[in-house]
Amino acid sequence: MARDVATSTSPPRWRLLVARQELVILALLLLVSAGLSLLTGNFFAATNLLNLARNVSWFAVAAFGVGMVILIGGIDLSSGAVMALAGLASALLLQLGLPIWLAVPVGLLSGALVGLCNGVLVGMFNTPPFIVTLGMMGVVRGMTFSLSAGRPVRDLPPAFRALGQDDVWVGPLLVPLPLLTMVGVALLVSLLLRSTVLGRYIYTLGRDERALQVAGVRTERIKVVVYTFSGLLAACGGIIMTSWLGVAAPTAAADYELDIIAAAVIGGTSLFGGEGSVFGVVLGALLMQVVRTGMVLLGFPTYLQVGAIGMMIMLVVLIDNFRRRRLSR
Amino acid sequence: MNTPPILEMRGITKEFPGVKALDNVSFRVAQGEIHCLVGENGAGKSTLMKVLSGVYPHGTYSGDILLNGQVQSYRGIRDSEHAGIAIIYQELALIPELTVYENIFLGNEIRNGPIVNWNETIKRAGEMLAKVRLKVNPAAKIKDLGVGKQQLVEIAKALSRNIKLLILDEPTAALNEDDSANLLDLLRGLRDQGVTCIMISHKLKEVLAIADTVTVLRDGQTICTLDAHKGEVSEGALIKHMVGREIDNIYPQREHKQPGDVVLEVRGWNAYDPALGREILHNVSMNVRRGEIVGVAGLMGSGRTELALSIFGNPLGYQVKGELRVKGEQRSFRDPEAAIKAGVAYVTEDRKGNGLILIQDVKENITLANLQAIAKNSMIDGNAEIKVANEYRTSLNIKTPTVEQRVSNLSGGNQQKVCLGKWLFVKPDLLILDEPTRGIDVGAKYEIYTLMNRLVEQGMSIIMISSELPEVLGMSDRVYIVSSGRITGELPIAEATPEKVMHLATN
Ligand SMILES: Nc1ncnc2c1ncn2[C@@H]1O[C@H](COP(=O)(O)OP(=O)(O)OP(=O)(O)O)[C@@H](O)[C@H]1O
Ligand SMILES: [Mg+2]
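Here the structure is a predicted model, which means the values were calculated and not measured.

Concerning the overall build of chain A
Then comes step 1: Counting secondary structure elements, chain A contains 15 helices and two strands.
Then comes step 2: Relative to a compact globule of 329 residues, whose C-alpha radius of gyration would be 20 Å, chain A shows 21 Å and is just as compact.
Then comes step 3: Taking the principal axes of its C-alpha atoms as reference, chain A extends roughly 75 × 55 × 40 Å.
Then comes step 4: Counting across all 329 residues of chain A, residues that qualify as buried make up 51%.
Then comes step 5: If you take every contact in chain A between residues at least 6 apart in sequence, the share linking residues at least 24 apart comes to 77%.
Then comes step 6: For chain A, the exposed area adds up to about 14700 Å²; of that, 70% sits on carbon and sulfur atoms.
Then comes step 7: Positive and negative side-chain charges of chain A, numbering 22 and 14 respectively, have mean locations separated by a distance of 7 Å.

What to know about the overall build of chain B
Then comes step 1: Within chain B, the secondary structure is distributed over 17 helices and 24 strands.
Then comes step 2: Here chain B has a C-alpha radius of gyration of 24 Å; the compact-globule value for 507 residues is 23 Å, and the two agree.
Then comes step 3: Expressed along its principal axes, the backbone C-alpha trace of chain B runs to roughly 70 × 50 × 50 Å.
Then comes step 4: Buried positions account for 56% of the 507 residues belonging to chain B.
Then comes step 5: Entry remark: accessible area of chain B is about 20900 Å², with carbon and sulfur atoms responsible for 47%.

Some details on the pattern of salt bridges
Then comes step 1: Tallied over the full model, the rule gives 27 salt bridges over all chains.
Then comes step 2: In this structure, arginine 28 of chain B and glutamate 8 of chain B form a salt bridge, with 3.8 Å as the shortest nitrogen-oxygen distance. In this pair, arginine 28 of chain B sits in strand 2 (residues 19-30) while glutamate 8 of chain B sits in strand 1 (residues 5-16), placing the two residues 20 residues apart along the sequence.
Then comes step 3: Arginine 28 of chain B sits in the partly exposed class, given a relative accessible area of 49%.
Then comes step 4: We classify glutamate 8 of chain B as buried; its relative accessible area is 17%.
Then comes step 5: Where arginine 75 of chain B meets aspartate 79 of chain B, a salt bridge forms, and the shortest distance between an N and an O atom there is 3.1 Å.
Then comes step 6: Via salt bridges that share partners, Arg218 of chain A together with Asp335, Glu337 and Lys341 of chain B belong to a single interconnected network.

Re the site of ligand 1
All names here are of chain B.
Then comes step 1: In the vicinity of ligand 1 lie 22 residues, with Gly42, Ser46, Thr47, His202 and Gly413 positioned nearest.
Then comes step 2: A distance of 2.9 Å is found between an oxygen atom of ligand 1 and a backbone nitrogen or oxygen belonging to glycine 44.
Then comes step 3: A distance of 2.5 Å separates an oxygen atom of ligand 1 from a polar side-chain atom of threonine 47.
Then comes step 4: Notes on ligand 1: free accessible area 640 Å², of which the protein chains cover 92%.
Then comes step 5: For the shell around ligand 1, the secondary-structure elements that each account for two or more residues are strand 2, helix 1 (45-52) and helix 14 (412-424).
Then comes step 6: If you tally residues by element for the shell around ligand 1, the top one is helix 1, at three residues.
Then comes step 7: The residue inventory of the shell around ligand 1, partitioned by class, reads seven nonpolar, twelve polar and three charged.
Then comes step 8: In this structure, the shell around ligand 1 is formed jointly by two domains, domain 1 (5-243) and domain 3 (355-427), each of which donates at least three residues.

Considerations on the domain arrangement of chain B
Residues and elements named next belong to chain B.
Then comes step 1: Annotation of chain B at the domain level lists domain 1 (5-243), domain 2 (248-343 + 429-442 + 460-507) and domain 3 (355-427).
Then comes step 2: Taking only C-alpha atoms, the centre of domain 1 and the centre of domain 3 are 31 Å apart.
Then comes step 3: Between domain 1 and domain 3, the residue contacts involve six residues of the former and eight residues of the latter.
Then comes step 4: On the surface where domain 1 and domain 3 come into contact, there are one salt bridge.
Then comes step 5: Measuring nitrogen to oxygen at the nearest pair gives 3.9 Å for the salt bridge that ties lysine 399 to glutamate 40.

Looking at the environment of leucine 23 of chain A
All names here are of chain A.
Then comes step 1: Note on placement: leucine 23 falls in helix 3 (residues 21-40).
Then comes step 2: With relative accessibility at 34%, the residue leucine 23 sits in the partly exposed group.
Then comes step 3: Between the C-alpha atom of leucine 23 and that of glutamate 275, which follows or precedes it by 252 residues, the distance is 15 Å.

Points about the interface of chain A and chain B
Then comes step 1: Across the boundary between the two partners, chain A contributes 25 residues, which contact 44 residues of chain B.
Then comes step 2: Interface area, chain A with chain B, both sides summed: about 3000 Å², of which 55% is carbon and sulfur.
Then comes step 3: Mapped onto the side of chain A that touches chain B, the elements with two or more residues apiece are helix 1 (6-9), helix 9 (177-195), helix 10 (197-207) and helix 11 (209-214) of chain A.
Then comes step 4: Classifying every residue of the side of chain A that touches chain B gives eleven nonpolar, six polar and eight charged.

Some details on the nonpolar core
One broad trend across soluble globular proteins is that nonpolar side chains are buried collectively.
Then comes step 1: Ranked by internal contacts, the top residues of the largest apolar core, which has 166 residues, are Phe64 of chain A together with Met286, Trp423, Leu431, Met452 and Ile463 of chain B.
Then comes step 2: Ranked by residue count, the leading element in this core is helix 4 (residues 46-71) of chain A, at 14 residues.
Then comes step 3: In this structure, this core is formed jointly by two domains, domain 2 (248-343 + 429-442 + 460-507) and domain 3 (355-427) of chain B, each of which donates at least three residues.
Then comes step 4: Once you skip the residues sitting within four places of it in the chain, leucine 431 of chain B turns out to touch Ala345, Val347, Trp423, Leu424, Leu455, Met460, Ser461, Ile462 and Ile463 of chain B.
Then comes step 5: In this structure, Leu134, Val153, Leu190 and Val207 of chain B belong to the second largest nonpolar core, which totals 51 residues.

Notes on the sheet that holds strand 14 (residues 278-289) of chain B
Either a parallel or an antiparallel arrangement is found when strands of a sheet pair, and the pairing is made through backbone hydrogen bonds.
Residue and element names in this part refer to chain B.
Then comes step 1: Here we have four strands laid out as an open sheet, ordered 14-13-16-17, and antiparallel in their pairing. Strand pairing shows two members of the sheet lacking a second neighbour, strand 14 and strand 17 (329-330), which therefore form its edges.
Then comes step 2: When strand 13 (residues 262-273) meets strand 16 (residues 319-326), the two strands line up antiparallel, connected through seven bridges. Bridge pairing links alanine 271 to valine 320 in strand 16.

What about the pairing of strand 4 (residues 62-67) of chain B?
All names here are of chain B.
Then comes step 1: Bridge count between strand 1 and strand 4: five bridges; the pairing is antiparallel. Each bridged residue has a counterpart across the sheet, and for arginine 10 the counterpart in strand 4 is aspartate 64.
Then comes step 2: For strand 4 and strand 5 (residues 70-72), the ladder comprises three bridges, and the chain directions are antiparallel. Bridge assignment links leucine 66 to a residue of strand 5, and that residue is valine 71.
Then comes step 3: Hairpin geometry of strand 4 and strand 5 is characterised by an intervening segment of two residues between the two adjacent antiparallel strands and by a positive phi of about 50 degrees at asparagine 68.

Observations concerning the side chain of lysine 157 of chain B
All names here are of chain B.
Then comes step 1: Within the fold, lysine 157 resides in helix 5 (residues 147-159).
Then comes step 2: For lysine 157, which is buried and forms no salt bridge, the nearest opposite charge comes from glutamate 154, at a distance of 5.4 Å.
Then comes step 3: In contact with lysine 157, other than residues within four places in its own chain, are Leu94, Asn103, Ile104 and Leu106.

With respect to a nonpolar patch on the surface
Residues and elements named next belong to chain A.
Then comes step 1: Judged by side-chain polarity, Leu39, Leu298, Phe300, Tyr303 and Leu304 come together as a nonpolar surface patch covering roughly 540 Å² of accessible area.
Then comes step 2: Positionally, leucine 304 belongs in helix 15 (residues 302-327).
Then comes step 3: By relative accessible area, which is 37% here, leucine 304 ends up partly exposed.

Regarding the confidence of the model for chain A
Then comes step 1: On average, residues of chain A score 87 in pLDDT, and 92% of them are at 70 or above.
Then comes step 2: When the criterion is pLDDT under 50, residues 1-12 of chain A qualifies, and its contacts beyond four places in sequence or with other chains add up to 26 contacts.

Observations concerning the packing of helix 5 of chain B against helix 6 (residues 177-192) of chain B
All names here are of chain B.
Then comes step 1: Running from N to C, helix 5 and helix 6 point in directions that differ by 15 degrees, and their axes come no closer than 10 Å. Relative to helix 6, helix 5 is oriented roughly parallel. The two elements helix 5 and helix 6 meet at a crossing, and its hand is right-handed. The segment helix 5 lies against helix 6, with Gly148, Gln151, Leu152, Ile155 and Leu159 engaging Asp179, Asn182, Leu183, Leu186 and Leu190.

Structural notes on the pairing of strand 6 (residues 85-88) of chain B
Residues and elements named next belong to chain B.
Then comes step 1: Residues Ile85 and Ile87 line one face of strand 6 and the alternating positions Ala86 and Ile88 line the opposite face, and both faces are buried.
Then comes step 2: As paired elements, strand 6 and strand 9 (residues 165-169) share four bridges and run parallel to each other. By the bridge assignment, isoleucine 88 is partnered in strand 9 with leucine 168.

Conventions used here
- As a convention, each chain's residues are numbered from 1 in the sequence order in which they are written.
- Chain letters and ligand numbers both follow the written order, the letters beginning at A and the numbers at 1.
- Per-residue local features of the predicted model are confined to residues with pLDDT of at least 70, and side-chain atom pairs are confined, for both listing and counting, to 80 or more; whole-chain, interface and lining totals are unaffected and use all residues.
- Side-chain descriptors were evaluated using all non-hydrogen atoms of the structure, hydrogens and water having been removed beforehand.
- Numbering of helices and strands starts at the N terminus; helices are DSSP runs of H or I of at least 4 residues and strands are runs of E of at least 2.
- A radius of gyration in this sense is built from C-alpha atoms; the matching globule rule multiplies 2.2 Å by the number of residues raised to 0.38.
- Only protein chains enter the area calculation, which uses a 1.4 Å probe; residues under 20% of their type maximum are buried, those over 50% are exposed, and those in between are partly exposed.
- Between two residues, a contact is recorded if the distance between any of their heavy atoms is within 4.5 Å.
- The method behind every accessible area is Shrake-Rupley, applied with a 1.4 Å probe, and residues are considered shielded solely by the protein chains displayed.
- Neither His nor the chain termini are counted; the positive set is Lys and Arg, and the negative set is Asp and Glu.
- In this description, the location of a charge corresponds to atom NZ of lysine, CZ of arginine, CG of aspartate or CD of glutamate.
- Put simply, a salt bridge is a Lys or Arg side-chain nitrogen that is within 4 Å of an Asp or Glu carboxyl oxygen.
- A single heavy atom is enough: if one lies within 4 Å of a molecule or strand, its residue is considered near that molecule or strand.
- In protein, a polar contact requires one atom able to donate a hydrogen and another able to accept it; more generally it is a pair of N or O atoms within 3.5 Å, and residues adjacent in sequence count only if both atoms are side-chain atoms.
- For this classification, the nonpolar set comprises Ala, Val, Leu, Ile, Met, Phe, Trp, Tyr, Cys and Pro, the charged set comprises Asp, Glu, Lys and Arg, and every other residue, Gly included, is treated as polar.
- A domain assignment, automatic or from a database, supplies the domain bounds used here.
- Note on definitions: buried area is the accessible-area loss of two parts on being combined, 1.4 Å probe, summed for both.
- Think of a nonpolar core as a cluster: buried Ala, Val, Leu, Ile, Met, Phe, Trp, Tyr and Cys residues, connected wherever their side-chain atoms sit within 4.5 Å.
- Being paired, for any two strands, means DSSP has found at least two bridges between them.
- Patch membership requires over 30% relative accessible area and the absence of a salt bridge. Like charges are linked within 9 Å, and nonpolar side chains (Val, Leu, Ile, Met, Phe, Trp, Tyr) within 5 Å.
- By definition, pLDDT measures how confident the predictor is in each residue, and it falls between 0 and 100.
- Axis lines are fitted through C-alpha atoms, for helices just across the contact stretch, and the angle between N-to-C directions can take any value from 0 to 180 degrees.
- Between 65 and 115 degrees an angle is taken as roughly perpendicular, under 35 as roughly parallel, over 145 as roughly antiparallel, and anywhere else as oblique.
- By convention the crossing between two helices is left-handed if the near helix lies anticlockwise of the far one by an angle smaller than a right angle, and right-handed if it lies clockwise.

Right, dumping it as structure tokens:
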């Protein structure tokens, strides 16, 4: 029997701090922002921050869903295509004259259905998620082209554009509506993951599927639910994006599936499953967006952004590895 | 023995956050002896050996290690291997998908430049297997061997490195009697060839049979070192030093009452394993009554675990035929969830593979199979969860600083208790225990037996699968004997003698 010696050997404070990847990312985020404001002078300008917030919002909402899939040890490559599909579906219905309260839910539903298909294929038929969602990405992207006949849909009604473009007063602050939506969704997903039975199962599934099965949990059902959520949240992000851009294009959100995965990983979500948080995903998305914006402000060409993001992923994974090794001592 | 010590560990102290696992431990091993290390679960045995073998590198503990009088400071396992120390862990570390010879020389390949010389490897592997008296094809895959043979392959692997000091952490925990006897024989043979052995074991009979010297650890401290050749080692003495008090009756008494209604009945039960491509259970019939402990005896691999799994919702996907009745109602469970709902719980024998989630903490493991009980409207009540976990921590005497400790940080025996707690929390009518006391110390065994008695008195029924015959005979009301997937006998406890049971188990 080992005695409690918590007082004498409690971990030093720095350990508690670096114990969470989120805090490391937060520090990095502040560092980069400070650097940018020194270099550009106008990084912290209100309009820039508001734009940043808008851009992060819809991206983060979509990333929550993919983050959940990664938590259960899966992967979802169809999110970018689903974002385009959901935006496009809503836009087309609006053009046909349907009211917004119908068009938006149908858009969301289209994403959820795609997610459901992914979930059934992965969960019920035991197909590798990489393959399933890669295939689905192609199918859905194809659908966006045939639905729109390859042309973008413009002239969206103002009520719809408000979803992504309006600001609302929260007390004395003027806050972009999409940011509020994101915070709301983040709180809900966070509650789901941290406090509900389903959330516990999601983390556990990513850590040890077999043990969960023996404990009498039907893991295939959880997979179906999580992939459906992923589709739903990608759709939600896609609709906000469409509304913010004011145009629904079949090519929208191209390659976003990878950016989204990168944001989740940067935010501390483990690709092996079982580890990650909503807060982390938000930070990951923010950091990516800050680096992007910063590079634009500094006048770097776009193609360098891609390289910078790539390097950032590697850097963060290195930090994470180092951190783990120190902690396991 | 007055030979100079090959190994001396002085004043070893090792702390983990919140736990002082070793507290100024001294440990001396003489050249060419078999030295057993015993102590309760969590006493620090495995930790001491991990310090010795460099798993915890120099600088992460305090104290000195002297090998042949020289101070050692290992940075990792590689260093200790170079110094001639080999350790075989509590959990085997072979790679199931690789062949025997690949495993033996893994990390120590026989090479010509960058190219592995497979012919030589296979030849040398054959020699090593002969040394451990194991007759298997070196090209066989590890996963196709039984645990007993795997254990021998581990030793062959150690021997291939020309070692001086062999450490075995509970090597016989998963072995049947024959394999254990075989292993002990082998260790004696190695001793005669000059290899010094340190063996950790909870099986005191083995310790008595094989040890030259025994060191007892308790609470991370060295209690004493006993010399078998001076007659200092006896079961009573060991228990007293380990537990700190005397236990005179290992199996607590219980009145064998008139059992109640039939809780579980299987008839004409057959199971076919598509993975193995053969039938694993043939025409099994058995029943369990309320308030009864039914023992299932049999050799390892006789189909006992398969029987339990096939009843418990069949998670491995056997093709099952036959009749299953629970509390009189005919059932066929699609999955474990259905079995649990019907009041059946199963504590697996393999806690790592399909019992515990090692990177999750104690409380999350305990509540996993019955989360609904601590949830309101699907929301987990964190306080209730901690309360429940603490109840089991107390009643099972799980040694952990808090219920928020990761299970991978607990000692082997305490992990087993967490597993047990998880299934008790399901509050089943029928509890199937598969090797419930494997790797558990004498004191804790007694606690678990007492708990089992309490549970059946409260009306639960228990099926106890065990390879330890004394345990089956000491605890059961009735015993079924399984051999090659068949029930070969049923004996009321009054008639179950070890000879009869062994006879039925081997026919
Ligand atoms: N990595 C770790 N982190 C924190 N605590 C640990 C770690 N490893 C071991 N411990 C603690 O150190 C103590 C000694 O553990 P150890 O594994 O050495 O016990 P043991 O004597 O081998 O027990 P058993 O017979 O159950 O295998 C236990 O209380 C255990 O919880
Ligand atoms: Mg141990």
